[in-house]
Amino acid sequence: LQVLNEKKLQEVDSLWKEFETPEKANKIVKLKHFEKFQDTTEALAASTALVEGKLSKNLKKILKKIVAKDAHEQLAVADAKLGGVIKDKLNLSCIHSPMVTELMRGIRSQIEGLITGLPSREMAAMCLGLAHSLSRYKLKFSPDKVDTMIIQAISLLDDLDKELNNYIMRCREWYGWHFPELGKIITDNLTYCKCVRKVGDRSNFASSDVSDILPEEIEEDVKAAAEISMGTEVSEEDINNIIHLCDQVIEISEYRTQLYDYLKNRMMAIAPNLTVMVGELVGARLIAHAGSLLNLAKHPASTVQLLGAEKALFRALKTKRDTPKFGLIYHASLVGQTNAKNKGKISRMLAAKTALTIRYDALGENTSAEMGAENRLKVETRLRLLEERGIRRISGTGKALAKTDKYQNKSEVKVFDPSGDSTLPVVSKKRKIQEVEEQDTEVPVKAKKFKAEMKEQTAVEDDEPVKKKKKKKDKEKQAEEEEEILNEELPTSPTVEVRQNYIPFWQYTCVALLFHYTLFMTTLICLQNTEKKKKKKKKVKNEDED
């Protein structure tokens, strides 16, 4: 296309008005050269080259023709990378600016009017086909990348496991009536069915050779148990039906092993990094649960961690309990290796790394499993550190141990001090009595002498009658004087006064409780009286109104 009026292109903001109708667009731009593609593959090759910023062969030929005619003119290019390639190879001056992008947008909107001889239906069909083929090319769509085969294979594998368990239980129970001891001796289900199919009746164990199925020690135990078995006798028809059931079990188990190998190969082809991280079965179950590998790639790591535990998650949210820590990822080998304490941490880290590997497998171009191996190694080192319980630095060298200060617990036992409970002086009864006795013993020396003399005098007076009245009067005066001295010298003990004036604490509490109780009862009675008065007033009003 050739630009006719370059002055109008300078007004970038109002350029869209010039492309409102096909007539206006023909005044600005004119078709100079047009060449058709032969088929869709050629169109796809040209479009992919343009997307990647490369120069296709057809475009190179057309540009050489233009160079021969108009070498002095400039070429407007929508992609700056493509313009650089054209300039290097063909020495053409290319322009890329906001004005060019607006011009390309206007040409795209009026392309049907600019190129004559193309019906609108055919143009839409061609655009749709090219868009589908281009999207397939971008996503690297191939039959090897079809993940629906994995979804069907893992669901069939689960169904086969259920059917095998039911068949084997029925076979053991059925043949157990005839030979119950065989189920305890042979624990493997497949060898049990093979042994029953080869021998049949328990009486044939003595003559038959089962060395290709069982080791020598177990074979001897089986033959010895067959001779002294407590089972019931069965007919040949029953044995034939049991053998037919054993054939079914053996066939299904062989098909299961074949299906597992097929699933393993498909997983390594479609999602190699995911299989390295979590294994074939867990990876296939994750893809089946999400619906496809692309849908699984859209999930964040937290969702990948809880895929398969949706019921438990919503139940925990409803009941406000602890949410689950893992779903289908619990069956991965890395989670199974850890302790119960570290399972949550490892499942979180494993989910983060698996989310990266899933996106790499779904949208990446490389099909190697190097990224998955690197991430698995990181998870294994983290697991080893958790098991060793080594506190290491996350950043830096990673070898130096983090410095931790020693913690010393200093326990101080504090005793309750009851002296702060009440302001009254609290002294025990024994101590008060001892203090009073000590004060009584500290009597002055004059009082002691006076008492001793008084005792002697009384004893003398009892023995001999007094003859003279004057002597009696003098003695009475002396006694009165000495009593006054005693009363002055003997101090009164303060502890006795405290004992006389002391009121116990429980009496205070009782009085306070009685006071509060009386207040409460009086308020209740007042409230009841007010309510009764209100009711009476209402009744009187109602009667007056009637």
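My aim in this report is to walk through the structure given alongside it, one point at a time. (Residues numbered from 1 in each chain as written. Predicted model: local features only at pLDDT ≥ 70, side-chain atom pairs only at ≥ 80, totals over all residues. Heavy atoms only, no water.)

### Observations regarding a nonpolar patch on the surface
1) Next: A surface patch of nonpolar side chains, about 570 Å² in accessible area, is lined by Y517, F520, M521, L524, I525 and L527.
2) Next: In this structure, M521 sits in helix α25 (residues 505-545).
3) Next: By relative accessible area, which is 30% here, M521 ends up partly exposed. (Patch = residues over 30% accessible without salt bridge, like charges linked within 9 Å, V, L, I, M, F, W, Y side chains within 5 Å. Areas by Shrake-Rupley, 256 points an atom, 1.4 Å probe, with all protein chains shown as cover. Salt bridge = Lys/Arg side-chain N within 4 Å of Asp/Glu carboxyl O. Helix = DSSP H or I, 4+ residues; strand = E, 2+ residues; numbered from the N terminus. Buried < 20%, exposed > 50% of the residue type's maximum accessible area, 1.4 Å probe, protein only.)

### Focus on the packing of aromatic side chains
1) Next: For the structure shown, the criterion picks out three aromatic pairs.
2) Next: Ring plane angle 85 degrees and centroid distance 6.5 Å describe the contact between Y175 and Y192, whose orientation is recorded as edge-to-face. Taken together, the residues span a long stretch of sequence, with Y175 in helix α8 (residues 148-176) and Y192 in helix α10 (residues 189-199) at a distance of 17 residues. Each member of the pair Y175 and Y192 is classed as buried.
3) Next: Aromatic side chains F179 and F205 sit 5.5 Å apart centroid to centroid with 65 degrees between the ring planes, which places their arrangement in the edge-to-face category. Here the residue F179 occupies a position in the loop between α8 and α9 (181-185), and F205 occupies one in the loop between α10 and α11 (216-227), the gap between them amounting to 26 residues. An identical accessibility class is assigned to F179 and F205; each is buried.
4) Next: Sitting over the ring of Y192, R172 keeps its end group 4.4 Å from the ring centre. (Phe/Tyr/Trp six-rings, centres within 6.5 Å; stacked < 30°, edge-to-face > 60°. Lys NZ or Arg CZ within 6 Å of the ring centre and 35° of its normal.)

### A look at the pattern of salt bridges
1) Next: Under the criterion given, the structure shown has nine salt bridges.
2) Next: Across the pair D158 and R285 runs a salt bridge whose closest N-O atoms are separated by 2.7 Å. Here D158 is found in helix α8, whereas its partner R285 is found in helix α14 (residues 280-290), with 127 residues between them in sequence.
3) Next: Between R376 and E380 there is a salt bridge whose closest N-O contact spans 3.4 Å. Here the residue R376 and the residue E380 both occupy positions in helix α20 (residues 370-388), the gap between them amounting to four residues, near one helical turn.

### A look at the state of the cysteines
1) Next: Evaluated as defined, the whole model comprises zero disulfides.
2) Next: Between C195, a cysteine without a disulfide, and C246, which holds the nearest cysteine sulfur, the sulfur-to-sulfur distance is 9.6 Å.
3) Next: Accessibility expressed as a relative area gives 0% for C195, which makes it buried. (Disulfide = S-S within 2.5 Å.)

### Observations concerning a negative patch on the surface
1) Next: On the surface, E216, E217, E220 and D221 cluster together into a negatively charged patch.
2) Next: Structurally, the position occupied by E217 is in helix α11.
3) Next: A residue is classified by how much of its surface remains accessible, and E217, at 64% relative accessible area, is exposed. (Lys, Arg positive; Asp, Glu negative; His and termini not counted. Charge placed at Lys NZ, Arg CZ, Asp CG, Glu CD.)

### Quick word on the nonpolar core
1) Next: Ranked by internal contacts, the top residues of the largest apolar core, which has 63 residues, are Y175, L182, F205 and L350.
2) Next: Considering every element that reaches this core, the biggest residue donor is helix α12 (residues 236-270), with twelve residues.
3) Next: The residue makeup of this core includes at least three contributed by each of domain 2 (145-258) and domain 3 (271-388). (Core = buried A, V, L, I, M, F, W, Y, C linked by side-chain atoms within 4.5 Å. Domains from an automatic or database assignment.)

### Describing the side chain of S229
1) Next: Take S229: it is sitting in the loop between α11 and α12.
2) Next: S229 sits in the buried class, given a relative accessible area of 14%.
3) Next: A distance of 3.3 Å separates a polar side-chain atom of S229 from the backbone nitrogen of G231.
4) Next: Setting aside chain neighbours within four positions, we find S229 in contact with H178, F179, P180, E181 and R202. (Polar contact = N/O pair within 3.5 Å; in protein donor to acceptor, adjacent residues only side chain to side chain. Contact = heavy atoms within 4.5 Å.)

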